[in-house]
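# Observations on chain architecture
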Amino acid sequence: AQTVTQSQPEMSVQEAETVTLSCTYDTSESDYYLFWYKQPPSRQMILVIRQEAYKQQNATENRFSVNFQKAAKSFSLKISDSQLGDAAMYFCAYRSARSGTYKYIFGTGTRLKVLA
Amino acid sequence: EAGVTQSPTHLIKTRGQQATLRCSPISGHTSVYWYQQALGLGLQFLLWYDEGEERNRGNFPPRFSGRQFPNYSSELNVNALELEDSALYLCASSPGTGGRETQYFGPGTRLLVL
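Residues numbered from 1 in each chain as written. Chains lettered and ligands numbered in written order. Predicted model: local features only at pLDDT ≥ 70, side-chain atom pairs only at ≥ 80, totals over all residues. Heavy atoms only, no water.

We now examine the confidence of the model for chain A. Detailed reading of the predicted model is not advised wherever pLDDT is low. Put simply, chain A has an average pLDDT of 91, and 97% of its residues get 70 or more. Here strand 11 (residues 104–106) of chain A stands out as the element of chain A with the lowest mean pLDDT, 87, in contrast to strand 3 (residues 19–21) of chain A, whose mean of 98 is the highest. (pLDDT = per-residue confidence, 0-100. Helix = DSSP H or I, 4+ residues; strand = E, 2+ residues; numbered from the N terminus.)

Structure representation (structure tokens):
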């Protein structure tokens with residue numbers, strides 16, 4: 001069974017600084033997808049970034065980028081130039097690309113605080 | 001384009017009662033997923049519906065059930081409510097079952113069981 005681990009329950013970053021959130025996962029599959037979702041206090045879960053396992057290039061989305069290390073089964077999220085609006089719970093998620101298995105497996109989340 | 005919507009936003013029930021939660025997917029999306037997010041825990045997969053049929057189910061007892069309607073909206077029913085059912089219930093939708101679509105989440109329904 002696949003598992004997703006976020007070992008940092010809480011992180012803090014100074015506004016305009018860079019922070020990296022860690023995520024590791026365990027799977028025996030070779031084709032899968034990894035995601036970072038953001039859940040602000042308003043509760044709406046928002047997709048931040050997505051990575052296909054078959055792509056070696058790390059995904060980027062404006063100030064958000066990932067460091068995908070497939071062999072190490074690591075998928076960290078880097079937030080550059082942190083803004084107050086980045087404060088939220090961040091969830092790492094795994095989804096198998098195997099047909100008929102479309103559920104997401106989520107980590108327990110990392111609460112990010114942004115200090116002014 | 002409207003996102004995933006859920007109703008009600010909050011629901012208070014007593015132990016033993018039944019709760020019904022509703023979800024409307026993004027227009028054009030045929031798959032609906034339900035998750036339970038208990039306090040301090042990550043999201044736990046509950047159910048997946050596509051084209052009106054239940055496709056997959058998480059490790060939850062049978063008193064958690066649901067259905068998907070012809071317009072692709074969905075309903076989650078929780079029977080014989082227990083105190084530990086108190087949680088945020090999130091619905092997500094995706095365009096289909098091609099295996100590569102991203103799920104988009106609704107704002108959730110906060111269920112409190114007293």
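For the rest of this paragraph, the subject is the sheet that holds strand 1 (residues 5–7) of chain B. Residue and element names in this part refer to chain B. The 4 strands are arranged 1-3-8-7 in an open sheet whose pairing can be described as antiparallel. Two strands in the sheet have a free side with no partner beyond their single neighbour: strand 1 and strand 7 (64–68). Going across the sheet, the axis of each strand differs from the next one's by a mean of 20 degrees, ignoring polarity. Taken together, the 5 bridges between strand 7 and strand 8 (residues 74–78) define a ladder with antiparallel strand orientation. Looking at strand 8, one finds that Arg-67 is bridged to Glu-75. (Pairing = 2+ DSSP bridges. Axes fitted to C-alpha atoms, helices over the stretch in contact; angles between N-to-C directions.)

The next thing to look at is the side chain of Gln-6 of chain A. All names here are of chain A. Tracing the sequence through the fold places Gln-6 in the loop between strand 1 (3–5) and strand 2 (10–14). Looking at Gln-6, the relative accessible area reads 6%, which means it is buried. At a separation of 2.9 Å, a polar atom in the side chain of Gln-6 contacts the main-chain carbonyl oxygen of Tyr-90. In this structure the side chain of Gln-6 is engaged in a polar contact, spanning 2.9 Å, whose partner is the backbone nitrogen of Cys-92. Ignoring sequence-local partners within four residues, the contact set of Gln-6 consists of Ser-22, Cys-23, Trp-36, Tyr-90, Phe-91, Cys-92, Gly-107, Thr-108, Gly-109 and Thr-110. (Buried < 20%, exposed > 50% of the residue type's maximum accessible area, 1.4 Å probe, protein only. Polar contact = N/O pair within 3.5 Å; in protein donor to acceptor, adjacent residues only side chain to side chain. Contact = heavy atoms within 4.5 Å.)

With that settled, the discussion passes to the interface of chain B and chain A. On the chain A side, the residues contacting the 24 residues of chain B number 22 residues. Summed over both sides, the interface between chain B and chain A buries roughly 2,000 Å², with carbon and sulfur atoms accounting for 48% of that surface. Here chain B is connected to chain A by 0 salt bridges. Applying the counting rule to chain B against chain A returns 6 residue pairs in polar contact (both at pLDDT 80 or more). Those elements giving two or more residues to the side of chain B that touches chain A turn out to be strand 4 (31–37), strand 5 (43–50) and strand 9 (87–94) of chain B. Class assignment for the residues of the side of chain B that touches chain A results in 9 nonpolar, 12 polar and 3 charged. (Buried area = accessible area lost by both parts, 1.4 Å probe. Salt bridge = Lys/Arg side-chain N within 4 Å of Asp/Glu carboxyl O. Nonpolar A, V, L, I, M, F, W, Y, C, P; charged D, E, K, R; others polar.)

Take the packing of aromatic side chains next. By the definition in use, this model includes 18 aromatic pairs over all chains. With 6.4 Å between their ring centres and 85 degrees between their planes, Phe-91 of chain A and Phe-106 of chain A make a pair best called edge-to-face. Note that Phe-91 of chain A is positioned in strand 10 (residues 88–96) and Phe-106 of chain A in strand 11, a separation of 15 residues in sequence. Of the two residues examined, Phe-91 of chain A and Phe-106 of chain A, each falls in the buried class. Each ring, one from Tyr-35 of chain B and one from Phe-45 of chain B, has its centre 5.9 Å from the other, and the planes form 65 degrees; the classification is edge-to-face. Here Phe-45 of chain B lies in strand 5 and Tyr-35 of chain B lies in strand 4, a separation of 10 residues in the sequence. Assessed through its relative accessible area of 7%, Phe-45 of chain B is described here as buried. Three or more aromatic residues joined by ring pairs make a cluster, and in this case those are Phe-35, Tyr-37, Phe-91, Tyr-104 and Phe-106 of chain A together with Tyr-35, Phe-45 and Phe-105 of chain B. (Phe/Tyr/Trp six-rings, centres within 6.5 Å; stacked < 30°, edge-to-face > 60°.)

A few words on the pairing of strand 8 (residues 64–69) of chain A. Residues and elements named next belong to chain A. Pairing analysis gives 2 bridges linking strand 7 (residues 60–61) to strand 8, with the strands arranged antiparallel. Looking at strand 8, one finds that Thr-60 is bridged to Ser-65. Where strand 7 hands over to strand 8, the hairpin turn is made up of 2 residues, of which Asn-62 adopts a positive phi near 60 degrees. When strand 8 meets strand 9 (residues 74–79), the two strands line up antiparallel, connected through 6 bridges. Directly across from Gln-69, in strand 9, lies its bridge partner Ser-74. Between strand 8 and strand 9, which pair antiparallel in sequence order, lie 4 residues; one of them, Lys-73, sits at a positive phi of approximately 55 degrees.

Quick look at the state of the cysteines now. Residue and element names in this part refer to chain A. Counted by the stated rule, this structure contains 2 disulfides over all chains. Covalently, Cys-23 is tied to Cys-92 through a disulfide, its sulfur atoms 2.0 Å apart. Between Cys-23 and Cys-92, the disulfide has an S-S torsion of -70 degrees and is therefore left-handed. On the criterion of sequence distance, the pair formed by Cys-23 in the loop between strand 3 and strand 4 (24–26) and Cys-92 in strand 10 is long-range, its members being 69 residues apart. Across the pair, exposure class does not vary: Cys-23 and Cys-92 are buried alike. (Disulfide = S-S within 2.5 Å.)

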